[in-house]
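The primary structure of each chain is shown beneath.
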Amino acid sequence: MIGQLTKRTQDILGKSELVIITERVDDVALLIGLMKKIGLQEVLDNHIPRHWKQRGLSWGWTTVIWLAYIMSEGDHRKVSVRAYIGGMQNTLSQVTGQKIEPLDFTDESESCLLKYLSKPKYWHQIEKELNEKTIEIYQLAKETVRYDATGVSGNHVVHEEGLMQFGHNKDNPNLPQFKMMIGALDPLGMPLVTEVVSGEQADDSLYLPAIKRVDESLNLTSLLYVGDCKMSAFETRLYIAGKGNHYLSPLPLTGQTAKEIETWSNQGVEKDFNYQLDLIFRNNDKGQEVLVASGYEFERSQCSFVEEKKIEWIERVLVIKSPTHAEQQIKGLEKRLQTAINKIKALTPERGRGKRQITTKKQLKKAIEKILKEQQVANLLSVEYEKQTEQKIGYVGRGRGSQNRPKQVIKKIRYSIVRVSRNEEEIDEVKDRFGWKAFVTNAPQVCLPLSEAVLTYRNEYRVERIFNRLKSRLNIAPVFVKRNDQMTGLTHLLTLGVRVLTLLEFVVRRSLQEDQVQLPKLHPENPKKSTDKPTAERLLKVFSNISLTIIKNRSGEIIRHLTPLSDLQIEILKRLELDSLLYFNLENTT
C-alpha cells in the first residue's frame, strides 16, 4: 500500500505513529478525466517540443494539471500552483497515472510552457488537432461559426512594443488592455481559434485573420460565419463569398448604409401598413410564442476582384424591425424630448438678481437650435417666444437728479419663452422608423430563410459567454503576467479551459435532452427545481466537499477514505461518459 503513495506522503507516514493527510479532490478528478477523454495532453505533446531543462512530466500533463487547478480554483497565478500541487500529490498521481512532483511546476517551467503556447507555429497546430478530435469524439455539428472580440485589462506600464495599450476599453477606460478575437463553434460556443493582438487595434481588422484560420482548420465550404457589424466590411464579405462560405451580419449605420437605411425603413413602414411584412416568432422561457421581429428582404448583386480573379455573388439584404429595440429607442426619444423642453424653458428665467436675460432674437434662436441639435430632436418641437420691453424714465448721466436735469426713457428688452409644444405628427413619423436594422447574407433563402437568419443572429450571446467565463470563472483579468509572450500564452491556456467547460456543459445538456429527463438539486436556493439545461459552473459545484483522507494508525496500517459520491454526482459522471472509478480508485487499496 505504501508503494502506491507519493514519496512525500511515505516520508510523513514513516515519521509518526498516527498521521492523517487530507486532500480536497472536489471536481479535479472530473476535469482531468474529461481532458483525458478529449486527448488534450496527447495533442499538446504532439506539437510542443521538450525543453532541455524539463523534468519527467510532459508539457501535456503539465497543462492538464495546471488547467484543472485554474478551473477549480479560478486562479491563474503561477506562484499559487506549486503549493497546490504539494497538497494534492496523491490525488493527481492516481488520476493521471503520472509521477507528480511540485518541482514540475516551478515559475520557470510554467513560463516556458506559456512561451511555447504563445508561438503560432505550435498553437495553430494544437487548435487544429483539438478541433478535429473534439468534433469527432462528440459528433459536433459543423455549420455555424461565430466571431467576436473583447479586451482584457491590467495594471501594466504601456510600452511601444507591448500588447498592453490604451484603446476603446468597455471594462475600464483608465487601464490599458490587449484584445482577443475568438471564433466559436455553434451551438455549444466552443472556441475554435483565438487571436491575441495589442489593445489599440480596431476590431474590424481582426475578423479576417480569424476567419482564414477557421477555414484552414475545418477545411469546409458552405459554413455560416456570424458576427457583428464590424464583420460586414466589404473585404471580409468578399473573402467569405470567394471561399464558398456564407456570412450573416448587420450593416453599420455609416457611409452609404446610413443614407439607404431611411429609404429601407420607409418602405418597411409602408409594407407594415399593408400587412406585407414577414412576422418572426420564438418561444420564450415560459414556452409562450412571442413576436420578436418583422421584416422583408431584397437582393442585390456584388462583384469585385481578388488577385485578378472576378468574384460575383448575390447578396440578400434583410430589413428587420425589432419591437424591443423600437421600444428602447422610443424611451430614449421621449427622454431627450423632455430634456430639451426643460432646457429651452430654462433659457429665459424671470427677471431677478443674478438671472441673465437673453436680449436679442438671434441669441435666443441660436441657443434653442443648439439644444435641439444636442438632444437630436430638431423639427420635433415648436417654440413660441415673445419680446418684452420695460420702459423706465431716468436722468441722463450719473449722479443725483435735480429739477432742471435732463431726463431720458430707458428701455430694457428681454425675450421670454411662452410655450414649447411637441410636433406629434412628426414625432409619430420618427417613431415609425425606430427599431429598423439591415442585415446582409449571401446564404440562399432555401438554406437560411429570413426568420431563421434573425433567430440565428440573436444567439450571438453564445460567444459572449466565452468572454464571461474567461473574466469570471477563470479570472483572466487582471492579468498577472507582464511579457507579451506570457500574456499570449496565458490567454491561449485559458481558452483551452473554456473549451473544456463548454464541452462539459454541452455534453450533459445534450444527454439530458435526448433522454427527456432533468437533473435535480442543482439550485440550493430552490431545492425543488430541476433542469435539463444546467451550466458547467453548477455541475462542478455539485462535486465540492469531496475529500481523500489517508490515515496511518499506531499499528502501521494505512487506510484511504474518499467522501462517498452521491447519486447526483454519479449521474453527472455517467452523462459525461466518464467512469466513476475516476473517484473510487482514489481509495483503492489493491
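Computed from a prediction, not measured in an experiment: that's the story for all the values here.

Novice: What exactly am I supposed to notice about the overall build of the protein chain here?
Specialist: Along its length, the protein chain carries 20 helices and 16 strands. Its C-alpha atoms give the protein chain principal-axis dimensions of roughly 125 × 70 × 55 Å. Relative to its 590 residues, the protein chain shows a buried fraction of 49%. Considering only residue pairs separated by 6 or more positions, the protein chain has 68% of its internal contacts joining residues 24 or more positions apart. A distance of 10 Å separates the average location of the 87 positive side-chain charges in the protein chain from that of its 75 negative side-chain charges.

Novice: How should I be thinking about the nonpolar core in this particular structure?
Specialist: Within soluble globular proteins, side chains that are nonpolar tend to cluster in buried spots. Counting residues in hydrophobic clusters, the biggest one holds 133 residues, and the most contacted among them are Leu-30, Tyr-147, Leu-470 and Tyr-583. Residue contributions to this core peak at 14 residues, all from helix α17 (residues 484-515). The residues touching Tyr-583, leaving out its near neighbours within four places in the chain, are Val-25, Asp-26, Asp-27, Val-28, Ala-29, Leu-30, Phe-543, Ile-546, Leu-562, Leu-565 and Leu-573. Counting 21 residues, the second-largest nonpolar core is a separate cluster that includes Ile-344, Ile-368, Leu-381 and Val-430.

Novice: Would you mind going over helix α9 (residues 207-218) with me for this structure?
Specialist: Because each turn of an α-helix spans 3.6 residues, side chains separated by three or four positions in sequence point in the same direction. Taking 1.5 Å per residue as the helical rise, α9 with its 12 residues ought to reach 16 Å, and the 16 Å between its terminal C-alpha atoms agrees with that figure. Buried residues of α9: Tyr-207, Ala-210, Ile-211, Arg-213, Val-214, Asp-215, Ser-217 and Leu-218, and no others. Those residues of α9 that are buried are in contact with α8 (120-138), β2 (144-153), β3 (177-185), β4 (190-198), β5 (224-226) and α10 (234-242). Positive phi shows up at Asn-219, right after α9, with a value of about 55°.

Novice: Whenever I open this one, the pattern of salt bridges confuses me. Can you help?
Specialist: Side-chain pairs of opposite charge can arise whenever the charged atoms involved come near each other. Scanning all chains against the criterion turns up 29 salt bridges. Close ionic contact of Lys-230 with Asp-203 constitutes a salt bridge, the shortest N to O distance being 4.0 Å. One end of the pair, Lys-230, is in the loop between β5 and α10; the other, Asp-203, is in the loop between β4 and α9, and 27 residues separate them in sequence. Across the salt bridge formed by Lys-431 and Glu-334, the nearest N and O atoms sit 2.6 Å from each other. With Lys-431 in helix α14 (residues 424-432) and Glu-334 in helix α12 (residues 323-345), this residue pair connects regions lying 97 residues apart in the sequence. Classification of Lys-431 as buried rests on a relative accessible area of 19%. Several salt bridges share partner residues, and in doing so they unite Arg-465, Arg-469, Glu-505, Arg-509 and Glu-537 into one network.

Novice: Explanation requested: the confidence of the model for the protein chain in the structure shown.
Specialist: One rule of thumb: low pLDDT means the predicted coordinates there are not for detailed reading. Confidence along the protein chain averages 89 in pLDDT terms, with 97% of residues attaining 70 or more. For the protein chain, helix α1 (residues 7-15) is the element with the lowest average pLDDT, namely 59, and strand β6 (residues 246-250) is the one with the highest, namely 96.

Novice: When you look at the pairing of β6 in this model, what are you seeing that I'm missing?
Specialist: In regular strands, side chains alternate between the two faces of the sheet. By the criterion of burial, β6 is predominantly enclosed, with 5 of the 5 residues buried. Residues His-246, Leu-248 and Pro-250 of β6 are buried on one face, and the alternating residues Tyr-247 and Ser-249, pointing to the opposite face, are buried as well. Both β5 and β6 contribute to a ladder of 3 bridges, which runs parallel. Each bridged residue has a counterpart across the sheet, and for Leu-224 the counterpart in β6 is His-246. Each parallel crossover has a hand, and for β5 linked through α10 to β6 it is right-handed. Pairing analysis gives 3 bridges linking β6 to strand β12 (residues 436-441), with the strands arranged antiparallel. Pairing of Pro-250 across the sheet is with Phe-439, part of β12.

Novice: I keep staring at the sheet that holds β2 and nothing clicks. Help me out?
Specialist: Across a sheet, paired strands are connected by hydrogen bonds in the backbone, their directions being either parallel or antiparallel. Strand order in the open sheet formed by 9 strands is β4-β3-β2-β5-β6-β12-β9-β8-β7, and the pairing between neighbours is mixed. Looking at strand neighbours, the two that pair on one side only are β4 and β7 (278-283), the edges of this open sheet. Sheet twist, expressed as the average angle between the axes of neighbouring strands with direction ignored, equals 25°. In the packing of helix α16 (residues 461-471) onto the sheet, the strands contacted are β2, β3 and β4, and the crossing angle to β2 comes to about 30°.

Novice: Explain the packing of aromatic side chains to me, please; I cannot follow it from the model alone.
Specialist: What characterises a pair of aromatic rings is the spacing of the ring centres plus the angle enclosed by the ring planes. Summed over the entire model, instances satisfying the criterion amount to 9 aromatic pairs. Where Tyr-116 meets Tyr-122, the ring centres are 5.7 Å apart and the plane angle is 70°; that geometry is what we call edge-to-face. Here Tyr-116 and Tyr-122 have matching classes, each one buried. Geometrically, the ring pair formed by Tyr-147 and Tyr-225 is edge-to-face, given 5.5 Å between the ring centres and 75° between the ring planes. Pair noted here: Tyr-147 is in strand β2 and Tyr-225 is in strand β5, with a separation of 78 residues, a long-range link. Residue Tyr-147 shares its accessibility class with Tyr-225, and that shared class is buried. Lying across the ring of Tyr-239, Lys-212 places its NZ or CZ 5.5 Å from the centre.

Novice: Please clarify how the environment of Asp-203 should be interpreted in this entry.
Specialist: The class for Asp-203 is buried, based on a relative accessible area of 15%. When the C-alpha positions of Asp-203 and Ala-149 are compared, they lie 6.7 Å apart, and in sequence the two are 54 residues distant. With near-sequence residues (within four places) excluded, Asp-203 lies in contact with Ala-149, Lys-179, Met-181 and Lys-230. A distance of 2.9 Å separates polar atoms of two side chains, one belonging to Asp-203 and the other to Lys-179.

Calculation notes
Residues numbered from 1 in each chain as written. Predicted model: local features only at pLDDT ≥ 70, side-chain atom pairs only at ≥ 80, totals over all residues. Heavy atoms only, no water. Helix = DSSP H or I, 4+ residues; strand = E, 2+ residues; numbered from the N terminus. Buried < 20%, exposed > 50% of the residue type's maximum accessible area, 1.4 Å probe, protein only. Contact = heavy atoms within 4.5 Å. Lys, Arg positive; Asp, Glu negative; His and termini not counted. Charge placed at Lys NZ, Arg CZ, Asp CG, Glu CD. Core = buried A, V, L, I, M, F, W, Y, C linked by side-chain atoms within 4.5 Å. Expected span 1.5 Å × (residues − 1). Salt bridge = Lys/Arg side-chain N within 4 Å of Asp/Glu carboxyl O. pLDDT = per-residue confidence, 0-100. Pairing = 2+ DSSP bridges. Right-handed = clockwise from strand over helix to strand, strands pointing away. Axes fitted to C-alpha atoms, helices over the stretch in contact; angles between N-to-C directions. Phe/Tyr/Trp six-rings, centres within 6.5 Å; stacked < 30°, edge-to-face > 60°. Lys NZ or Arg CZ within 6 Å of the ring centre and 35° of its normal. Polar contact = N/O pair within 3.5 Å; in protein donor to acceptor, adjacent residues only side chain to side chain.

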